Amino acid sequence: MALWGGRFSTGPDQAFKQFNDSLPFDYQLAEQDIEGSIAWAGALEQVGILTPTELEQLVAALNQLLVEVSEQPQLLQQSDAEDIHSFVEAALIEKVGDLGKKLHTGRSRNDQVATDFRLWSRKTAQLLLVALGDLKQTILALAEREFGTILPGYTHLQRAQPVLFSHWCMAYFEMLSRDESRLRGAIERLNVCPLGSGALAGTAYPIDRQLLATNLGFLSASNNSLDAVSDRDFVVELLSCASISMMHLSRLAEDMIFYNTGEAGFIELADNVTSGSSLMPQKKNPDALELIRGKTGRVFGAFSGMMMTLKALPLAYNKDMQEDKEGLFDALPTWLACLHMAQACLSGVKVNAKRTELAARGGHANATELADYLVKKGIPFREGHHIVGQLVQVAIAENKSLEQLSIQQFQAVCTVIEQDVYPVLELDACINARVAKGGTSKQQVSQAMAAAKQQFI
Ligand code: ARG
(Lines give C-alpha, C1' and ligand atoms only; values in the text may rest on other atoms or scores of the structure.)
Protein backbone atom coordinates (compact mmCIF):
# COMPACT_ATOMS: atom_id res chain seq x y z
CA MET A 1 0.00 0.00 0.00
CA ALA A 2 1.26 3.47 -0.85
CA LEU A 3 1.92 5.89 2.01
CA TRP A 4 -0.50 8.46 0.62
CA GLY A 5 -3.63 6.66 -0.72
CA GLY A 6 -6.35 8.51 1.23
CA ARG A 7 -6.79 11.48 -1.03
CA PHE A 8 -6.94 9.46 -4.23
CA SER A 9 -9.87 7.57 -5.71
CA THR A 10 -7.81 5.53 -8.15
CA GLY A 11 -4.29 4.18 -7.96
CA PRO A 12 -1.39 5.17 -10.22
CA ASP A 13 -0.99 3.81 -13.74
CA GLN A 14 1.47 0.98 -13.92
CA ALA A 15 3.65 3.06 -16.24
CA PHE A 16 3.56 6.04 -13.89
CA LYS A 17 4.30 3.85 -10.89
CA GLN A 18 7.34 2.45 -12.62
CA PHE A 19 8.43 5.94 -13.60
CA ASN A 20 7.93 7.32 -10.10
CA ASP A 21 9.26 4.50 -7.93
CA SER A 22 12.75 4.86 -6.55
CA LEU A 23 13.05 1.54 -4.72
CA PRO A 24 14.90 -0.01 -7.68
CA PHE A 25 17.86 2.19 -6.68
CA ASP A 26 17.21 3.67 -3.25
CA TYR A 27 17.04 0.17 -1.75
CA GLN A 28 20.72 0.94 -1.16
CA LEU A 29 19.62 3.22 1.66
CA ALA A 30 17.92 0.39 3.60
CA GLU A 31 20.47 0.34 6.40
CA GLN A 32 20.43 4.13 6.75
CA ASP A 33 16.63 4.33 6.63
CA ILE A 34 16.37 1.83 9.46
CA GLU A 35 19.11 3.56 11.45
CA GLY A 36 17.35 6.91 11.00
CA SER A 37 14.01 5.36 11.95
CA ILE A 38 15.44 3.95 15.17
CA ALA A 39 16.79 7.37 16.10
CA TRP A 40 13.48 9.02 15.19
CA ALA A 41 11.55 6.54 17.33
CA GLY A 42 13.84 7.49 20.23
CA ALA A 43 13.07 11.17 19.65
CA LEU A 44 9.31 10.43 19.59
CA GLU A 45 9.55 8.60 22.89
CA GLN A 46 11.26 11.61 24.44
CA VAL A 47 8.33 13.86 23.54
CA GLY A 48 5.78 11.33 24.77
CA ILE A 49 4.42 10.12 21.41
CA LEU A 50 5.71 6.63 22.13
CA THR A 51 5.85 4.89 25.51
CA PRO A 52 9.16 3.30 26.52
CA THR A 53 7.65 -0.14 25.81
CA GLU A 54 6.45 0.93 22.38
CA LEU A 55 9.88 2.29 21.63
CA GLU A 56 11.45 -0.98 22.65
CA GLN A 57 9.08 -2.91 20.40
CA LEU A 58 9.71 -0.66 17.44
CA VAL A 59 13.47 -0.75 17.87
CA ALA A 60 13.45 -4.55 18.16
CA ALA A 61 11.34 -4.84 15.00
CA LEU A 62 13.53 -2.40 13.09
CA ASN A 63 16.68 -4.25 14.13
CA GLN A 64 15.10 -7.49 13.06
CA LEU A 65 14.25 -5.92 9.70
CA LEU A 66 17.86 -4.80 9.33
CA VAL A 67 19.04 -8.38 9.75
CA GLU A 68 16.40 -9.62 7.31
CA VAL A 69 17.27 -7.19 4.53
CA SER A 70 20.97 -7.82 4.88
CA GLU A 71 20.52 -11.59 4.85
CA GLN A 72 17.85 -11.61 2.14
CA PRO A 73 18.40 -8.63 -0.15
CA GLN A 74 15.85 -10.14 -2.55
CA LEU A 75 13.15 -8.87 -0.15
CA LEU A 76 14.01 -5.41 -1.39
CA GLN A 77 14.19 -6.37 -5.05
CA GLN A 78 10.88 -8.23 -4.97
CA SER A 79 8.88 -5.57 -3.17
CA ASP A 80 6.69 -3.20 -5.14
CA ALA A 81 6.97 -0.45 -2.52
CA GLU A 82 7.40 3.05 -3.96
CA ASP A 83 10.68 3.76 -2.22
CA ILE A 84 12.85 2.58 0.63
CA HIS A 85 10.93 4.68 3.15
CA SER A 86 7.62 3.09 2.15
CA PHE A 87 9.26 -0.32 2.23
CA VAL A 88 10.58 0.07 5.77
CA GLU A 89 7.31 1.47 7.10
CA ALA A 90 5.23 -1.28 5.50
CA ALA A 91 7.58 -3.99 6.77
CA LEU A 92 7.40 -2.49 10.24
CA ILE A 93 3.60 -2.42 10.24
CA GLU A 94 3.62 -6.02 9.14
CA LYS A 95 5.74 -6.88 12.16
CA VAL A 96 4.17 -4.78 14.93
CA GLY A 97 0.76 -3.84 13.52
CA ASP A 98 -0.78 -0.46 14.32
CA LEU A 99 2.15 0.58 16.46
CA GLY A 100 4.22 0.79 13.27
CA LYS A 101 1.84 3.46 12.00
CA LYS A 102 3.00 5.84 14.75
CA LEU A 103 6.59 6.04 13.53
CA HIS A 104 6.01 8.64 10.84
CA THR A 105 4.60 11.15 13.35
CA GLY A 106 6.20 14.56 12.77
CA ARG A 107 8.50 13.19 10.06
CA SER A 108 8.39 13.53 6.30
CA ARG A 109 10.08 11.54 3.61
CA ASN A 110 11.71 14.82 2.72
CA ASP A 111 13.78 15.11 5.89
CA GLN A 112 14.07 11.34 5.99
CA VAL A 113 15.62 10.96 2.54
CA ALA A 114 17.99 13.87 3.10
CA THR A 115 19.13 12.20 6.32
CA ASP A 116 19.47 8.72 4.83
CA PHE A 117 21.46 10.02 1.89
CA ARG A 118 23.84 11.95 4.12
CA LEU A 119 24.39 8.87 6.26
CA TRP A 120 25.13 6.79 3.17
CA SER A 121 27.41 9.48 1.77
CA ARG A 122 29.33 9.79 5.00
CA LYS A 123 29.88 6.06 5.25
CA THR A 124 30.99 5.75 1.63
CA ALA A 125 33.22 8.80 1.90
CA GLN A 126 35.00 7.17 4.85
CA LEU A 127 35.82 4.17 2.66
CA LEU A 128 37.17 6.55 0.04
CA LEU A 129 39.42 8.24 2.60
CA VAL A 130 40.88 4.87 3.50
CA ALA A 131 41.42 4.01 -0.18
CA LEU A 132 43.07 7.37 -0.86
CA GLY A 133 45.42 6.82 2.09
CA ASP A 134 46.25 3.29 0.90
CA LEU A 135 47.00 4.47 -2.61
CA LYS A 136 49.25 7.22 -1.27
CA GLN A 137 51.14 4.66 0.78
CA THR A 138 51.63 2.46 -2.28
CA ILE A 139 52.94 5.41 -4.28
CA LEU A 140 55.33 6.37 -1.51
CA ALA A 141 56.60 2.78 -1.29
CA LEU A 142 57.23 2.79 -5.05
CA ALA A 143 59.06 6.13 -4.78
CA GLU A 144 61.26 4.64 -2.07
CA ARG A 145 61.89 1.42 -3.99
CA GLU A 146 62.86 3.27 -7.18
CA PHE A 147 64.84 6.07 -5.56
CA GLY A 148 67.66 7.00 -7.94
CA THR A 149 65.92 5.88 -11.15
CA ILE A 150 65.97 8.67 -13.71
CA LEU A 151 63.03 9.33 -15.98
CA PRO A 152 62.66 11.78 -18.85
CA GLY A 153 60.29 14.52 -17.75
CA TYR A 154 57.95 15.71 -20.51
CA THR A 155 56.20 18.85 -21.61
CA HIS A 156 54.05 18.68 -24.77
CA LEU A 157 54.93 14.96 -24.69
CA GLN A 158 58.43 16.03 -25.79
CA ARG A 159 61.34 15.12 -23.56
CA ALA A 160 61.99 18.26 -21.52
CA GLN A 161 64.27 17.71 -18.53
CA PRO A 162 65.26 14.59 -16.63
CA VAL A 163 63.54 13.97 -13.29
CA LEU A 164 63.73 11.27 -10.68
CA PHE A 165 61.11 8.55 -11.12
CA SER A 166 60.40 9.10 -7.42
CA HIS A 167 59.68 12.76 -8.17
CA TRP A 168 57.02 11.66 -10.66
CA CYS A 169 55.57 9.35 -7.98
CA MET A 170 55.50 12.12 -5.41
CA ALA A 171 53.69 14.44 -7.83
CA TYR A 172 50.73 12.05 -7.70
CA PHE A 173 51.13 11.76 -3.96
CA GLU A 174 50.58 15.53 -3.75
CA MET A 175 47.48 15.41 -5.96
CA LEU A 176 45.98 12.61 -3.91
CA SER A 177 46.70 14.51 -0.71
CA ARG A 178 44.64 17.41 -2.01
CA ASP A 179 41.87 14.98 -3.03
CA GLU A 180 41.94 13.66 0.50
CA SER A 181 41.72 17.09 2.06
CA ARG A 182 38.88 18.10 -0.26
CA LEU A 183 36.98 14.99 0.73
CA ARG A 184 37.54 15.63 4.42
CA GLY A 185 36.12 19.12 3.94
CA ALA A 186 33.09 17.72 2.14
CA ILE A 187 32.50 15.19 4.92
CA GLU A 188 32.69 17.93 7.52
CA ARG A 189 30.03 19.99 5.72
CA LEU A 190 27.70 17.08 5.03
CA ASN A 191 27.85 15.88 8.61
CA VAL A 192 24.78 17.89 9.59
CA CYS A 193 21.43 16.27 10.40
CA PRO A 194 18.27 17.30 8.50
CA LEU A 195 15.98 14.97 10.49
CA GLY A 196 13.36 16.91 12.41
CA SER A 197 12.85 19.42 9.58
CA GLY A 198 9.54 17.83 8.57
CA ALA A 199 8.35 18.26 5.00
CA LEU A 200 9.77 21.78 4.76
CA ALA A 201 8.57 23.94 7.64
CA GLY A 202 10.01 22.09 10.62
CA THR A 203 8.41 19.55 12.91
CA ALA A 204 5.56 20.45 15.27
CA TYR A 205 6.93 18.26 18.07
CA PRO A 206 9.47 19.67 20.53
CA ILE A 207 12.17 17.25 19.45
CA ASP A 208 15.68 17.75 20.84
CA ARG A 209 17.24 17.88 17.39
CA GLN A 210 20.80 18.23 18.64
CA LEU A 211 20.43 15.00 20.60
CA LEU A 212 18.88 13.33 17.58
CA ALA A 213 21.79 14.51 15.43
CA THR A 214 24.33 13.25 17.95
CA ASN A 215 22.60 9.87 18.12
CA LEU A 216 23.08 9.53 14.38
CA GLY A 217 26.73 10.55 14.61
CA PHE A 218 26.19 14.00 13.09
CA LEU A 219 28.06 16.99 14.43
CA SER A 220 25.03 19.26 14.49
CA ALA A 221 21.39 19.64 13.51
CA SER A 222 20.63 21.73 10.42
CA ASN A 223 19.78 25.40 11.00
CA ASN A 224 16.96 25.90 8.53
CA SER A 225 14.24 23.41 7.64
CA LEU A 226 13.71 24.73 4.09
CA ASP A 227 17.40 24.43 3.36
CA ALA A 228 17.70 21.06 5.09
CA VAL A 229 15.13 19.30 2.92
CA SER A 230 16.16 20.86 -0.37
CA ASP A 231 19.93 21.15 -0.10
CA ARG A 232 21.86 18.71 -2.20
CA ASP A 233 25.09 20.62 -2.44
CA PHE A 234 26.69 17.86 -0.42
CA VAL A 235 25.98 15.59 -3.39
CA VAL A 236 27.47 18.12 -5.79
CA GLU A 237 30.50 18.50 -3.56
CA LEU A 238 31.11 14.77 -3.37
CA LEU A 239 30.71 14.45 -7.12
CA SER A 240 33.14 17.29 -7.53
CA CYS A 241 35.63 15.58 -5.19
CA ALA A 242 35.15 12.38 -7.19
CA SER A 243 35.58 14.19 -10.51
CA ILE A 244 38.75 16.01 -9.51
CA SER A 245 40.29 12.88 -8.09
CA MET A 246 39.27 10.83 -11.14
CA MET A 247 40.88 13.52 -13.29
CA HIS A 248 44.09 12.88 -11.35
CA LEU A 249 43.73 9.13 -11.67
CA SER A 250 43.11 9.46 -15.40
CA ARG A 251 46.36 11.38 -15.77
CA LEU A 252 48.21 8.76 -13.74
CA ALA A 253 46.63 6.08 -15.92
CA GLU A 254 47.60 7.90 -19.09
CA ASP A 255 51.20 8.41 -17.97
CA MET A 256 51.47 4.72 -17.15
CA ILE A 257 49.82 3.62 -20.38
CA PHE A 258 52.42 5.64 -22.25
CA TYR A 259 55.33 4.40 -20.12
CA ASN A 260 54.10 0.86 -20.74
CA THR A 261 54.05 1.13 -24.55
CA GLY A 262 56.51 -0.90 -26.56
CA GLU A 263 57.92 2.38 -27.83
CA ALA A 264 58.72 3.76 -24.37
CA GLY A 265 59.25 0.49 -22.49
CA PHE A 266 59.77 2.34 -19.21
CA ILE A 267 57.55 0.11 -17.14
CA GLU A 268 55.97 -3.29 -17.36
CA LEU A 269 52.58 -3.82 -15.80
CA ALA A 270 52.00 -7.02 -13.88
CA ASP A 271 49.95 -9.82 -15.44
CA ASN A 272 47.19 -9.47 -12.85
CA VAL A 273 46.10 -6.05 -14.12
CA THR A 274 46.44 -6.64 -17.85
CA SER A 275 44.58 -8.75 -20.33
CA GLY A 276 45.23 -10.45 -23.63
CA SER A 277 43.77 -10.23 -27.09
CA SER A 278 41.41 -12.85 -28.49
CA LEU A 279 43.25 -12.68 -31.80
CA MET A 280 46.80 -11.44 -31.29
CA PRO A 281 48.66 -13.85 -29.04
CA GLN A 282 51.48 -11.44 -28.23
CA LYS A 283 49.24 -8.74 -26.71
CA LYS A 284 49.25 -7.73 -23.07
CA ASN A 285 46.95 -4.76 -22.79
CA PRO A 286 46.76 -2.19 -19.97
CA ASP A 287 43.01 -2.66 -19.48
CA ALA A 288 42.90 -1.66 -15.82
CA LEU A 289 44.48 1.69 -16.61
CA GLU A 290 42.35 2.24 -19.70
CA LEU A 291 39.23 1.58 -17.66
CA ILE A 292 40.32 4.11 -15.05
CA ARG A 293 40.79 6.61 -17.86
CA GLY A 294 37.46 5.64 -19.41
CA LYS A 295 35.39 5.63 -16.23
CA THR A 296 36.48 9.18 -15.52
CA GLY A 297 33.94 10.24 -18.14
CA ARG A 298 30.92 8.85 -16.37
CA VAL A 299 31.96 10.40 -13.06
CA PHE A 300 32.22 13.82 -14.74
CA GLY A 301 28.81 13.07 -16.29
CA ALA A 302 27.27 12.44 -12.87
CA PHE A 303 28.71 15.72 -11.62
CA SER A 304 27.35 17.82 -14.46
CA GLY A 305 24.05 15.92 -14.41
CA MET A 306 23.52 16.82 -10.76
CA MET A 307 24.33 20.47 -11.41
CA MET A 308 21.78 20.50 -14.23
CA THR A 309 19.10 18.88 -12.10
CA LEU A 310 19.50 21.38 -9.30
CA LYS A 311 19.76 24.46 -11.47
CA ALA A 312 16.90 26.90 -10.77
CA LEU A 313 14.97 24.32 -8.76
CA PRO A 314 12.55 26.22 -6.55
CA LEU A 315 12.50 25.64 -2.81
CA ALA A 316 11.79 23.33 -1.15
CA TYR A 317 11.50 19.63 -2.07
CA ASN A 318 10.66 18.73 -5.67
CA LYS A 319 10.56 15.27 -7.12
CA ASP A 320 13.41 16.24 -9.43
CA MET A 321 15.56 15.67 -6.39
CA GLN A 322 14.95 11.96 -6.48
CA GLU A 323 17.40 12.12 -9.40
CA ASP A 324 20.18 12.90 -6.92
CA LYS A 325 20.87 9.28 -6.11
CA GLU A 326 21.82 7.21 -9.11
CA GLY A 327 24.72 9.46 -10.10
CA LEU A 328 26.28 9.34 -6.64
CA PHE A 329 25.48 5.64 -6.19
CA ASP A 330 27.45 5.07 -9.37
CA ALA A 331 30.20 7.67 -9.05
CA LEU A 332 31.46 6.98 -5.54
CA PRO A 333 31.83 3.20 -5.95
CA THR A 334 33.43 3.84 -9.36
CA TRP A 335 35.94 6.20 -7.76
CA LEU A 336 36.60 3.65 -5.02
CA ALA A 337 37.16 0.85 -7.53
CA CYS A 338 39.52 3.05 -9.54
CA LEU A 339 41.55 3.90 -6.44
CA HIS A 340 41.88 0.19 -5.70
CA MET A 341 42.86 -0.58 -9.30
CA ALA A 342 45.40 2.23 -9.46
CA GLN A 343 46.92 0.78 -6.31
CA ALA A 344 47.07 -2.69 -7.84
CA CYS A 345 48.71 -1.34 -11.00
CA LEU A 346 51.35 0.58 -9.07
CA SER A 347 52.19 -2.12 -6.58
CA GLY A 348 52.96 -4.71 -9.26
CA VAL A 349 54.77 -2.42 -11.69
CA LYS A 350 58.32 -3.16 -12.83
CA VAL A 351 60.44 -0.19 -13.79
CA ASN A 352 63.08 -0.60 -16.47
CA ALA A 353 65.67 1.87 -15.19
CA LYS A 354 67.99 1.25 -18.15
CA ARG A 355 65.31 2.27 -20.61
CA THR A 356 64.17 5.31 -18.64
CA GLU A 357 67.75 6.48 -18.28
CA LEU A 358 68.51 5.95 -21.93
CA ALA A 359 65.42 7.96 -22.87
CA ALA A 360 66.36 10.66 -20.37
CA ARG A 361 69.73 10.98 -22.12
CA GLY A 362 68.05 11.47 -25.47
CA GLY A 363 66.00 14.35 -26.73
CA HIS A 364 68.65 16.88 -25.63
CA ALA A 365 66.96 17.04 -22.27
CA ASN A 366 70.11 18.56 -20.76
CA ALA A 367 69.93 21.67 -22.94
CA THR A 368 68.70 23.83 -20.06
CA GLU A 369 71.78 22.73 -18.08
CA LEU A 370 74.00 24.03 -20.85
CA ALA A 371 72.17 27.37 -20.86
CA ASP A 372 72.64 27.59 -17.07
CA TYR A 373 76.34 26.79 -17.57
CA LEU A 374 76.62 29.75 -19.94
CA VAL A 375 74.90 31.95 -17.34
CA LYS A 376 77.61 30.96 -14.88
CA LYS A 377 80.19 32.01 -17.48
CA GLY A 378 78.65 35.47 -17.57
CA ILE A 379 76.35 35.21 -20.59
CA PRO A 380 72.80 36.57 -20.06
CA PHE A 381 70.24 33.72 -20.03
CA ARG A 382 68.33 34.83 -23.13
CA GLU A 383 71.54 34.93 -25.14
CA GLY A 384 72.65 31.58 -23.70
CA HIS A 385 69.28 30.11 -24.67
CA HIS A 386 69.91 31.13 -28.27
CA ILE A 387 73.46 29.73 -28.31
CA VAL A 388 72.28 26.38 -26.92
CA GLY A 389 69.52 26.29 -29.53
CA GLN A 390 72.23 26.53 -32.20
CA LEU A 391 74.26 23.80 -30.50
CA VAL A 392 71.17 21.56 -30.46
CA GLN A 393 70.92 22.11 -34.21
CA VAL A 394 74.55 21.04 -34.59
CA ALA A 395 73.92 17.96 -32.44
CA ILE A 396 70.83 17.02 -34.45
CA ALA A 397 72.76 17.40 -37.71
CA GLU A 398 75.56 15.19 -36.31
CA ASN A 399 73.03 12.75 -34.80
CA LYS A 400 74.68 13.19 -31.42
CA SER A 401 73.66 14.20 -27.94
CA LEU A 402 74.99 17.50 -26.58
CA GLU A 403 77.57 15.81 -24.38
CA GLN A 404 78.87 13.90 -27.41
CA LEU A 405 79.91 17.14 -29.18
CA SER A 406 83.64 17.75 -29.16
CA ILE A 407 85.07 20.81 -27.48
CA GLN A 408 85.90 22.20 -30.93
CA GLN A 409 82.28 21.83 -32.00
CA PHE A 410 81.16 23.65 -28.84
CA GLN A 411 83.68 26.42 -29.31
CA ALA A 412 82.79 26.90 -32.96
CA VAL A 413 79.44 28.20 -31.69
CA CYS A 414 80.53 29.72 -28.38
CA THR A 415 84.07 30.34 -27.27
CA VAL A 416 83.42 30.48 -23.51
CA ILE A 417 82.59 26.76 -23.42
CA GLU A 418 85.46 24.75 -21.95
CA GLN A 419 86.25 21.22 -20.85
CA ASP A 420 84.35 21.77 -17.58
CA VAL A 421 81.09 21.65 -19.53
CA TYR A 422 81.03 17.86 -19.70
CA PRO A 423 80.31 17.02 -16.04
CA VAL A 424 77.52 19.64 -16.10
CA LEU A 425 75.79 17.72 -18.87
CA GLU A 426 75.74 14.44 -16.94
CA LEU A 427 72.25 13.21 -15.98
CA ASP A 428 73.01 13.17 -12.27
CA ALA A 429 74.25 16.73 -12.45
CA CYS A 430 71.03 17.82 -14.20
CA ILE A 431 68.95 16.18 -11.50
CA ASN A 432 70.95 17.36 -8.53
CA ALA A 433 71.14 20.94 -9.71
CA ARG A 434 67.43 21.32 -8.89
CA VAL A 435 68.05 22.16 -5.25
CA ALA A 436 65.30 24.67 -4.48
CA LYS A 437 62.21 23.45 -2.64
CA GLY A 438 60.03 21.18 -4.76
CA GLY A 439 62.76 20.38 -7.29
CA THR A 440 63.89 16.99 -8.47
CA SER A 441 67.32 16.83 -6.80
CA LYS A 442 67.86 13.70 -4.75
CA GLN A 443 68.09 15.83 -1.65
CA GLN A 444 64.73 17.56 -2.26
CA VAL A 445 62.92 14.39 -3.27
CA SER A 446 64.18 12.45 -0.28
CA GLN A 447 63.01 15.29 1.95
CA ALA A 448 59.57 15.18 0.31
CA MET A 449 59.44 11.43 0.84
CA ALA A 450 60.46 11.72 4.46
CA ALA A 451 57.77 14.36 5.05
CA ALA A 452 55.20 12.16 3.33
CA LYS A 453 56.18 9.23 5.51
CA GLN A 454 55.31 11.26 8.59
CA GLN A 455 51.65 11.11 7.53
CA PHE A 456 51.57 7.39 8.16
CA ILE A 457 53.10 7.09 11.60
N1 ARG B 1 11.87 8.82 -3.13
C2 ARG B 1 11.91 10.20 -2.77
C3 ARG B 1 13.31 10.75 -3.09
O4 ARG B 1 14.18 9.99 -3.27
C5 ARG B 1 11.66 10.37 -1.32
C6 ARG B 1 11.07 11.67 -0.95
C7 ARG B 1 9.65 11.73 -1.41
N8 ARG B 1 9.00 12.91 -0.97
C9 ARG B 1 7.92 13.39 -1.58
N10 ARG B 1 7.39 14.44 -1.10
N11 ARG B 1 7.41 12.80 -2.61
O12 ARG B 1 13.51 11.93 -3.20
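Owing to the predicted nature of the structure, the values given are computational and were not obtained by experimental measurement.

Visitor: Describe the packing of helix 7 (residues 109-145) against helix 13 (residues 325-347), naming the residues involved and giving the relevant values.
Guide: Where helix 7 contacts helix 13, the axes come no closer than 9 Å and their chain directions differ by 15 degrees. Taken together, the axis directions place helix 7 and helix 13 in an arrangement best described as roughly parallel. As for how helix 7 packs across helix 13, the hand of that crossing is left-handed. Where helix 7 abuts helix 13, its residues Phe117, Ser121, Thr124, Leu127, Leu128, Ala131, Leu132, Asp134, Leu135, Thr138, Ile139 and Leu142 lie against Lys325, Leu328, Leu332, Trp335, Leu336, Leu339, His340, Ala342, Gln343, Leu346 and Ser347. Residue composition of the contact of helix 7 with helix 13, by class: 15 nonpolar, six polar and two charged.

Visitor: For the site of the ligand, give the residues involved together with the corresponding values.
Guide: Around the ligand, a shell composed of Ser22, Asp26, Asp83, Arg109, Asn110, Val113, Tyr317, Lys319, Met321 and Gln322 is seen. Sort the elements by how many residues they give to the shell around the ligand and helix 7 lands first, with three residues. A class-by-class count of the residues in the shell around the ligand yields three nonpolar, three polar and four charged. Summarising the domain contributions, the shell around the ligand has at least three residues from each of domain 1 (14-105) and domain 2 (110-358).

Visitor: Could you give me a rundown of the pairing of strand 1 (residues 150-155), with the residues and numbers involved?
Guide: Sheet topology note: the strand 1/strand 2 (residues 158-164) ladder contains six bridges and is antiparallel. Residue pairing for strand 2: Gly153 is matched across the bridge by Gln161. Remark: two residues form the turn of the hairpin made by strand 1 and strand 2, two consecutive strands paired antiparallel; His156 in that turn has positive phi of roughly 55 degrees.

Visitor: I'd like a description of the packing of helix 3 (residues 30-46) against helix 4 (residues 52-71), backed by residues and values.
Guide: In contact at an axis separation of 10 Å, helix 3 and helix 4 are set at 175 degrees when each is read in the N-to-C sense. Between helix 3 and helix 4, the angle falls in the class roughly antiparallel. On the side of helix 3, the interface is formed by Ala30, Glu31, Ile34, Ser37, Ile38, Ala41, Gly42 and Glu45, while helix 4 contributes Pro52, Leu55, Leu58, Val59, Leu62, Leu65, Leu66 and Val69. Considered class by class, the residues forming the contact of helix 3 with helix 4 number twelve nonpolar, two polar and two charged.

Visitor: Quick rundown of the domain arrangement of the protein? Include the residues and the values.
Guide: Put simply, an interface is often sized by how much accessible area is lost when its parts join up. Each assigned domain of the protein is listed here: domain 1 (14-105), domain 2 (110-358) and domain 3 (362-425). Computed over C-alpha atoms, the centres of domain 1 and domain 2 are 31 Å apart. Taken together, the contact pairs 17 residues of domain 1 with 19 residues of domain 2. For the side of domain 1 that touches domain 2, the element with the highest residue contribution is helix 3, accounting for nine residues. Residues belonging to the side of domain 1 that touches domain 2 are distributed by class as follows: seven nonpolar, seven polar and three charged.

Conventions and cut-offs
Residues numbered from 1 in each chain as written. Predicted model: local features only at pLDDT ≥ 70, side-chain atom pairs only at ≥ 80, totals over all residues. Axes fitted to C-alpha atoms, helices over the stretch in contact; angles between N-to-C directions. Helix = DSSP H or I, 4+ residues; strand = E, 2+ residues; numbered from the N terminus. Parallel < 35°, antiparallel > 145°, perpendicular 65-115°, else oblique. Left-handed = near helix turned anticlockwise from the far one by under 90°. Contact = placed C-beta atoms within 7 Å. Nonpolar A, V, L, I, M, F, W, Y, C, P; charged D, E, K, R; others polar. Near = placed C-beta within 6 Å. Domains from an automatic or database assignment. Pairing = 2+ DSSP bridges.

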